[in-house]
Each structure stands twice: as C-alpha cells, then as structure tokens.
Amino acid sequence: MKILAIESSCDETAAAVVEDGRSVLSNIVASQVEEHKLYGGVVPEIASRRHAEAIVGVVDEAIKTADCTLDAIDAIAVTHAPGLIGALLVGVNFAKGLSLATGKPLIPTHHLRSHIASNYISHKELKPPFLCLVVSGGHSHIVEVLDYTDMRVIGRTRDDAAGEAFDKAARAMGIPYPGGVELDKIAETGDDSAFPMPRPRVDGSPYDFSFSGLKTAVINLIHNKQQKGEDIPVADVCASYRKAVVGCLTDNFLRAAEDLGYTTLVTAGGVSANSLLRRELERLCKGKYDLYMPDKSLCGDNGAMVGAQGYYEYLAGNIAGSDLNAIATLPIDERGF
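Residues numbered from 1 in each chain as written. Predicted model: local features only at pLDDT ≥ 70, side-chain atom pairs only at ≥ 80, totals over all residues. Heavy atoms only, no water.

**Some points on the overall build of the chain**
Here is step 1 of the chain: Of the regular secondary structure elements, the chain holds 10 helices and 10 strands.
Here is step 2 of the chain: Computed over C-alpha atoms, the radius of gyration of the chain comes to 20 Å, within 12% of the 20 Å expected from 2.2 N^0.38 for 337 residues, which places it in the range of a compact globule.
Here is step 3 of the chain: When its C-alpha atoms are laid out on the principal axes, the chain stretches across 65 × 45 × 30 Å.
Here is step 4 of the chain: The burial tally for the chain puts 54% of its 337 residues in the buried class.
Here is step 5 of the chain: A fraction of 74% describes how many contacts in the chain between residues 6 or more apart in sequence connect residues 24 or more apart.
Here is step 6 of the chain: Accessible surface for the chain amounts to roughly 13,700 Å². Of this, 48% is attributable to carbon and sulfur atoms. (Helix = DSSP H or I, 4+ residues; strand = E, 2+ residues; numbered from the N terminus. Rg over C-alpha atoms; globule rule 2.2 N^0.38 Å. Buried < 20%, exposed > 50% of the residue type's maximum accessible area, 1.4 Å probe, protein only. Contact = heavy atoms within 4.5 Å. Areas by Shrake-Rupley, 256 points an atom, 1.4 Å probe, with all protein chains shown as cover.)

**Some details on the pairing of strand 9 (residues 264-268)**
Here is step 1 of the chain: Most of strand 9 is tucked away, with five of its five residues classed as buried.
Here is step 2 of the chain: Across the two faces of strand 9 the burial is the same, with Thr264, Val266 and Ala268 and Leu265 and Thr267 all buried.
Here is step 3 of the chain: Pairing between strand 6 (residues 130-135) and strand 9: four bridges, direction parallel. Paired with Val134 across the bridge in strand 9 is Ala268.
Here is step 4 of the chain: Direction of pairing for strand 9 relative to strand 10 (residues 290-292): parallel, over a ladder of three bridges. Considered in strand 10, the bridge of Thr264 is made with Asp290.
Here is step 5 of the chain: At this point the chain moves from strand 9, through helix 9 (residues 275-285), to the parallel strand 10, and the crossover so formed is right-handed. (Pairing = 2+ DSSP bridges. Right-handed = clockwise from strand over helix to strand, strands pointing away.)

**Digging into a negative patch on the surface**
Here is step 1 of the chain: Taken together, the side chains of Asp147, Asp150, Asp333 and Glu334 present a region of like negative charge at the surface.
Here is step 2 of the chain: The topology assignment puts Asp150 in strand 8 (residues 150-156).
Here is step 3 of the chain: With relative accessibility at 40%, the residue Asp150 sits in the partly exposed group. (Patch = residues over 30% accessible without salt bridge, like charges linked within 9 Å, V, L, I, M, F, W, Y side chains within 5 Å. Salt bridge = Lys/Arg side-chain N within 4 Å of Asp/Glu carboxyl O. Lys, Arg positive; Asp, Glu negative; His and termini not counted. Charge placed at Lys NZ, Arg CZ, Asp CG, Glu CD.)

**Here's the deal with empty space enclosed by the protein**
Here is step 1 of the chain: Here the structure, examined in full by the defined rule, presents one cavity of 30 Å³ or more.
Here is step 2 of the chain: As a volume, the largest cavity reaches approximately 60 Å³.
Here is step 3 of the chain: Together, His80, Pro108, Thr109, His110, Arg113, Glu313, Asn318, Glu334, Arg335 and Phe337 line the largest cavity.
Here is step 4 of the chain: With three residues, strand 5 (residues 106-110) is the largest single contributor of residues to the lining of the largest cavity. (1 Å grid on protein atoms, 1.4 Å probe; cavity = no way out; pocket = protein on both sides within 12 Å on 5 of 7 lines; lining within 4 Å. Points joined across faces, edges and corners; volume = space filled by probe spheres on them.)

**Examining the nonpolar core**
Here is step 1 of the chain: Grouped together as the largest cluster of nonpolar side chains are 44 residues, with contacts concentrated most on Leu131, Ile142, Leu183, Phe211, Tyr241, Leu249 and Leu265.
Here is step 2 of the chain: Sorting the residues of this core by element identifies strand 6, helix 5 (162-172), helix 6 (179-187), helix 7 (212-227), helix 8 (234-260) and helix 9 as the ones contributing at least two each.
Here is step 3 of the chain: In terms of residues, this core owes the most to one element, helix 8, which gives 13 residues.
Here is step 4 of the chain: In contact with Ile142, other than residues within four places in its own chain, are Leu131, Cys132, Leu133, Arg152, Val153, Ile154, Gly155, Tyr207, Phe209, Asn252, Phe253 and Ala256. (Core = buried A, V, L, I, M, F, W, Y, C linked by side-chain atoms within 4.5 Å.)

**Description of the layout of surface pockets**
Here is step 1 of the chain: If you add up the space inside the largest pocket, you get close to 1,600 Å³.
Here is step 2 of the chain: If you trace the largest pocket, you find 50 residues lining it, with Cys10, Ser136, Gly137, Gly138 and Asp167 closest to the centre.
Here is step 3 of the chain: Mapped onto the lining of the largest pocket, the elements with two or more residues apiece are strand 3 (23-31), helix 1 (33-37), helix 4 (111-122), helix 5 and helix 6.
Here is step 4 of the chain: Top contributing element to the lining of the largest pocket by residue count: helix 5, with six residues.
Here is step 5 of the chain: Among the residues forming the lining of the largest pocket, the class breakdown is 18 nonpolar, 19 polar and 13 charged. (Nonpolar A, V, L, I, M, F, W, Y, C, P; charged D, E, K, R; others polar.)

Scope: geometric values only; no functional claims are made or implied.
Written out as structure tokens, the structure is:
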C-alpha cells in the first residue's frame, strides 16, 4: 500500500511516499529555517505563507522521486494536529482537495504519533508495546505505546518542553536560531561539571517534567556574569545545562520503565537527535533494555513519519471526510475528528 503523506505543522513543508508503513520511496522537505533565523524563531504568519508557496512543488517532487504516479497512490495522509494552526491548515486543505479530486481515502495523523512512527522506518522489526520518550521543541512526554494507534501518556512537562528550554537558554547566550541544535554542538567542547544546575522534580508525579526553573537558573547565571562584566564561558555553560536537561529526561524515563516493567524503550522527536541524550540512553540501557532511536535524519519534521503512522491509522479505520479540520492542540491519545 502506497501512502502520500503531507506534513506542515511548523516550518517544514514536507511530503513523502511510504509503502506499507515501513519503506520510504521518497521523502522531500522544504525548510524555512534560514528565513526564520532573521527573527530568532518561527514566525507563524510567514510559515503559513511559505507552506502555501511550497506545497505543490514538494508534493509533486515526492511523487516523481518515488517513481510513481498519483493514480498509483492508495491513500493520502496528513498531519492535522497539533501545531501552528495556520501552517496546519495549508497541509490539511491541500490534502482534502487532493482526496476529493482523486477519490483517495484521507487519513488524519497526529504529529507526535508520527514522530514515534519514525522508528518503524529506522527499525523495521520494532512493534508495540513499548515505552517512548517523546521530546521536541513543543512537547516532552513519556508515552505507553500499547498498540500502533493506542497510546497512553504517563508523564509530561508541566511548563516548558525540553526543546523550548534549550532554545530559550541558547537565546540568552546569544546563540543563533535554531538554538537547541547549536547549543548541542557547542556543548560538545565544554566542561559539563563547570556549573552545578538544579534537577527539578514534580512532587507526587514522578514521571512529569518541569524545565522552567532550570531555564531560569541558567538565565540568572548568564545575567549575573554580564552584570559583573565577566566573560561567559559559553561552552561550559552549554555543557552544564545540557547535562541537567538530559539528566531530567533520562531519570524519569528509566524510572517509568522500571516501575511499569517495560524492557523496550524508544525515543522520538527533534530533541532525540541531541548528542548527549543519545549517548546517555545507550549507556544507561546497555544490557538492561532494548533501545530504539530514529535515524537523525528522521528526528525532525518530515513526511515519511506521517506516512508510516498513516498506514497504521488506515488499518485501524481512522479515515476522515471532507469536514476534517486542523487542530492546534490535541492530546496524543485523542483522535480529534
């Protein structure tokens, strides 16, 4: 079964053709990152306009690269939630139009479910159930993946997401957008024991995260040094801060795995490309857990992950009609249509 998949939840216009949920025939991404760098972050109105300009070309290229025609496509999958509402609407409305014009089934997919499904492409042997750490710019969750379309959130951030915490700290140090990616690179050259950082916990919720206090701590550290006219050892601050954020993520994730009896652990989302997070999970899981992480090329937003999840949504009968709408905020365990 060939699925044409469309992703436009933030600042990447992406399309892919995926066969049987596991084989990627094409995966095209048009990134807007260079333009948003001018503003230090994603500008929603600009993102929406660029999606509208790029989507026809990206979808056309995905079909051609897959060496197939639109007639050979069996269904159309699209990210309908969550994300920037204007950006989502571009992809959803394009997919709806294509579905109506061709008579192909329309499959709505949840953005975070799709990130998890990127592992089905990287690891064709992986099957639920498993425990997944979903970490991105806007989300930090610990999710029980009971089946391909049956998920339960057992831990989540109470304030900032891990990716957001990285980006805000990077901005305070004058690191250009995308801050989290650059902070990770700089941290590789720093001393992660130079500055002790707090490890916030949420009372009564051992699997939940809280990064706002940690973010405030590093910003106060930077401001104090600036006020005293002292040089900021950026690499050391980056390394110390990264170590603390990653420590919070791994501590809660492995605690949940032990408490719930999971031996198969999975990561997903943009922050799952973080160098230290990958090293630490490999170290901590060795000999105890089976660890699966997506290829770094699939950690960011892309169409292939949408096609992978779309296949399993289709098998579960999750097909939408022409009344499908975009939704800015939607829990991973809800359908929304």
